[in-house]
Amino acid sequence: MLDSILACPRCDNALTPTDGGHACGGCQVDFPSIAGIPFLFAEPSAALGEWRARLHMETRRLDHEVRLIEAALDAPDLRDSTRRRLTLMQHAYRDHNERLLALLEPLGLVELEANIESYLALRTRLPGDQGLVTYYPNVHRDWSWGERENEASADLVTDMLDQPLGKMLVLGAGPARLACDLHDRLTPELTVALDFNPMFMLLAQRLLRGETVELYEFPIAPSSIENSAVLRTLQAEAPVTGEFELVIADAARAPFLNGSFDTIITPWVTDILPSDIAETAARINHLLRDDGQWVNFGSLAFDNADPGKRYSREEVVEIVAAQGFTTPHVDETRIPYMCSPASRHGRQETVVTFAARKTKQAKRTARYEALPNWLVKGDAPVPLSDSLRMQATSTRIHAFVMSLIDGKRSIKDMAKLMEAQQLMTQHEAVPTIRTFLIKMLEASGRGVGPP
Ligand SMILES: C[S@@+](CC[C@H](N)C(=O)[O-])C[C@H]1O[C@@H](n2cnc3c(N)ncnc32)[C@H](O)[C@@H]1O
């Protein structure tokens, strides 16, 4: 059933299944499958390269942490309890590294020719703030200790539905527990769980087949030494039945034909996508059939450089209604969030759930492009925006301060030189240099820490 609704993330036309995955005849691009999961980025080779690089970075980070621990273990007069904690962490980081590599092994098995130019031209670069382990704690909440939280989430979404799920898409599904719970409870005709992070999709694939996977949890505030790194057994209650599909792709270019879904769920994702919510709403509108339902669930914490786009709930309701939906029906409920039993950290979150039905076709939005023209083509002037101007000035000052560090000069000596260079007065320079050097000192002393 999935094949009949897949579309090319470059041109939106239907894809043809091939031996290794799918192909777009018009764009002449082959899209691979990773362990059988369609990998549908507009430029698959570059996206694969990026995820491999992210995996590599994560394994390097874990190696680095192991080396720091080795050095810490050599310290004289080490307390027994400190030694116990360090030894546990050292073993956990090493073991975790191997487990991660094993889980993501299918990423390395696909051969594709990288083509960075076309990647840039398509402007589909993955956001830099979304690493392989950015939402790693979700894995353990979803598939180990989070029964209460998971049930509360599935209840809230279920309560907002006002028609059968039909064909359901879950965008930004993470490790796919909510998608799985809704699928089990409400037996849709088809469930498609989409996320751009292959780690989540590969993990979900194994769990939904009924396998168990062991991965470490590294709680933010461990409640004991033993809880600093806990090897959790991740498991679904039973293998998934019925039509449940996983897709690795960018939600901003969701690779499906228009009108493919009866229901779209967006859990904890619309406020982190780089597109404006109006564009996201229009894209969701196109993916839904007439009268299809959209349920958005999670926080509404829009973090945008433009204050005009840090939307409140009231604004979101208006924006969604203006994109061919009924005025969303909204619920706000307080639920526990990320309360790991191994951590002292955990919160209560007032989650916003809204539901709206498609009433008419929204206007077409431009295809999502991550990078502006002046960056891609390189022949237009780099705009001197206020934020770039501010960054240029502070970078110049920081570079100058760094160049003054010679093991001899004091902060006051540096401040005099800053004044001589007409960068700022000595009076202003002393606290500025001090603040900057505090940051440098903290950065040099800070470990990389758990994911
Ligand atoms: C805050 S997590 C929420 C995960 C899950 N929906 C949940 O409720 O636990 C955000 C998820 O969106 C995914 N994500 C972020 N940007 C995405 C994009 N552009 N395309 C696809 N997935 C994306 C992340 O990988 C992550 O799994």
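All residue numbers refer to position in the chain's written sequence, counted from 1. Predicted model: local features are reported for residues with pLDDT of at least 70 only, side-chain atom pairs are reported and counted for 80 or more only, and whole-chain, interface and lining totals are derived from all residues. Hydrogen atoms and water are omitted, and side-chain values are computed over all heavy atoms in the structure.

Visitor: Give me the site of the ligand: which residues, what numbers.
Guide: Throughout, near means a residue has at least one heavy atom within 4 Å of the molecule or strand. By nearness alone, 20 residues border the ligand, and Arg141, Gly172, Asp195, Asp250 and Ala251 come closest of all. One nitrogen or oxygen atom from the side chain of arginine 141 is found 2.7 Å from an oxygen atom belonging to the ligand. We get accessible surface area from the Shrake-Rupley algorithm with a probe of 1.4 Å; when it comes to residues, only the shown protein chains can shield them. Here the ligand loses 95% of its free accessible area of 580 Å² to cover by the protein chains. Under the DSSP-based scheme used, a helix requires at least four consecutive residues in state H or I and a strand at least two consecutive residues in state E, with every element numbered from the N terminus. Of all elements in the fold, only α5 (137-145) and β6 (190-195) reach the threshold of two or more residues within the shell around the ligand. Of the residues contributing to the shell around the ligand, the split by class is 12 nonpolar, five polar and three charged. For the purposes of these results, a polar contact is taken to be a pair of N or O atoms within 3.5 Å, where, inside protein, one atom must be able to donate a hydrogen and its partner to accept one; residues adjacent in sequence count only when each atom of the pair is a side-chain atom. We call Asp, Glu, Lys and Arg charged. Ala, Val, Leu, Ile, Met, Phe, Trp, Tyr, Cys and Pro are nonpolar, and the rest, Gly among them, are polar.

Visitor: Got a sec to walk through the sheet that holds strand β3 (residues 29-34)? Specific residues and values, please.
Guide: On the basis of which strands lie adjacent, the open sheet formed by four strands has the order β1-β2-β3-β4 and antiparallel pairing. With one partner strand each, in any of the chains shown, β1 (16-17) and β4 (37-38) form the two edges of the open sheet. Strand pairing requires that DSSP identify at least two bridges connecting the strands. Note: β1 against strand β2 (residues 21-24), two bridges, orientation antiparallel. Within β2, the position partnered with proline 17 by the bridge is histidine 22.

Visitor: Any details on the environment of alanine 72? Residues and values, ideally.
Guide: Within the element layout of this structure, alanine 72 appears in helix α1 (residues 44-73). Measuring from C-alpha to C-alpha, the distance between alanine 72 and threonine 82 comes to 9.5 Å, with 10 residues separating the pair along the chain. Aside from chain neighbours lying at most four places away, what touches alanine 72 is Leu78 and Leu86. Residue contacts are counted whenever heavy atoms from the two residues lie within 4.5 Å of one another.

Visitor: With reference to specific residues and values, describe the packing of aromatic side chains.
Guide: Here the distance between the centres and the angle between the planes together describe a pair of aromatic rings. Each aromatic pair joins two rings of Phe, Tyr and Trp (for Trp, the six-membered one) with centres within 6.5 Å, and gets the label stacked for planes under 30 degrees apart, edge-to-face for over 60, and tilted for any other angle. Inspection of the entire model under this criterion finds 10 aromatic pairs. Taking 5.1 Å as the distance between ring centres and 85 degrees as the angle between the ring planes, the aromatic pair formed by phenylalanine 256 and phenylalanine 261 counts as edge-to-face. Judged on exposure class, the residue phenylalanine 256 and its partner phenylalanine 261 are both buried. Chaining the aromatic ring pairs together yields one cluster made of Tyr93, Tyr216 and Phe218. Two thresholds decide whether a charge sits over a ring: the Lys NZ or Arg CZ must be within 6 Å of the ring centre and within 35 degrees of the ring normal. Cation over ring: arginine 54 sits above tryptophan 51, and NZ or CZ is 5.2 Å from the ring centre. Taking the ring centre of tryptophan 143 as reference, the NZ or CZ of arginine 177 above it sits at 5.2 Å. Buried, partly exposed and exposed residues are distinguished by accessible area as a fraction of the type maximum, computed with a 1.4 Å probe on protein chains only: under 20%, between the cut-offs, and over 50%, respectively.

Visitor: Help me get a handle on the sheet that holds strand β10 (residues 261-267), residues and values and all.
Guide: Spatially, β9-β6-β5-β10-β11-β13-β12 is the arrangement adopted by the seven strands of the open sheet, whose pairing is mixed. At either margin of the open sheet sits one strand with a lone partner, and together these are β9 (244-248) and β12 (329-337). If you compare each strand with its neighbour and ignore which way they point, the axes differ by 20 degrees on average. Bridge count between strand β5 (residues 167-171) and β10: three bridges; the pairing is parallel. Looking across to β10, one finds that methionine 168 is bridged to threonine 263. Here the axes come from fitting lines to C-alpha atoms, over the contacting stretch only for helices, and the angles between their N-to-C directions go from 0 to 180 degrees. Relative to the sheet, helix α6 (residues 147-160) contacts β10, β11 (288-298), β12 and β13 (347-357), its axis offset from that of β12 by approximately 175 degrees. Against the sheet, helix α10 (residues 313-321) contacts β11, β12 and β13, and its axis sits at roughly 20 degrees relative to β13.

Visitor: Go over the pattern of salt bridges with me, naming the residues and quoting the values.
Guide: Any Lys or Arg side-chain nitrogen located within 4 Å of an Asp or Glu carboxyl oxygen qualifies as a salt bridge. Under the counting rule described, the total for this entry stands at 24 salt bridges. Note that glutamate 58 is salt-bridged to arginine 61, the shortest N-O span being 2.9 Å. Linking glutamate 58 with arginine 61, this pair stays in helix α1, spanning three residues, or about one helical turn. Relative accessible area serves as the criterion here: at 6%, glutamate 58 is assigned to the buried category. Residue classification places arginine 61 among the buried residues on the basis of a relative accessible area of 16%. For arginine 141, the salt bridge is made with aspartate 142, and the minimal N-O distance between the two is 2.8 Å. Note on accessibility: arginine 141 and aspartate 142 belong to one class, buried. Through salt bridges that share partners, Asp95, Arg99 and Glu214 make up one connected network.

Visitor: Mind laying out helix α13 (residues 411-420), listing which residues take part and the relevant values?
Guide: For α13, every residue scored as buried is listed here: Met414, Ala415 and Met418. Buried residues along α13 cover an arc of 105 degrees about the axis, so they all sit on one side. Across from the buried face of α13, at angles greater than 90 degrees, the exposed residues are Lys412 and Ala420. N-capping of α13 is provided by serine 410, with a side-chain oxygen placed 3.3 Å from the backbone N of lysine 412. Here, the arc refers to the directions that run from the helix axis to the C-beta atoms.

Visitor: Break down the nonpolar core for me, with residues and values.
Guide: Here, nonpolar core refers to any group of buried Ala, Val, Leu, Ile, Met, Phe, Trp, Tyr and Cys residues whose side-chain atoms link them within 4.5 Å. In terms of nonpolar packing, the biggest core is built from 67 residues, with Phe39, Leu104, Met199, Leu203, Leu215 and Ile265 touching the most fellow members. Judged by nonpolar contacts, the second largest core, of 40 residues, contains Leu40, Ala251, Phe302 and Ala356.

Visitor: So what's going on with the environment of threonine 87? Which residues, and what values?
Guide: Summarising the element assignment, threonine 87 is placed in helix α2 (residues 80-103). Distance from threonine 87 to arginine 434, taken between C-alpha atoms, is 36 Å for residues 347 residues apart in sequence.

Visitor: A description of the state of the cysteines should follow, citing residues and the corresponding values.
Guide: By convention in this document, the label disulfide applies to cysteine sulfur atom pairs within 2.5 Å. In this structure the tally under the stated criterion is zero disulfides. For the unlinked cysteine cysteine 8, the closest cysteine sulfur is that of cysteine 24, found at 3.7 Å. Note on cysteine 8: relative accessible area 1%, which makes it buried. For the unlinked cysteine cysteine 11, the closest cysteine sulfur is that of cysteine 24, found at 3.7 Å. The partly exposed category is assigned to cysteine 11, whose relative accessible area is 22%.

Visitor: Give a description of unusual backbone geometry that names residues and reports values.
Guide: The phi dihedral of methionine 338 is positive, around 60 degrees, even though this residue is not glycine. Looking at the element boundaries, methionine 338 is found in the loop between β12 and β13. By relative accessible area, which is 13% here, methionine 338 ends up buried. Backbone geometry places glutamine 422, a non-glycine residue, at a positive phi of 60 degrees. Residue position: glutamine 422 is located in the loop between α13 and α14 (426-445).

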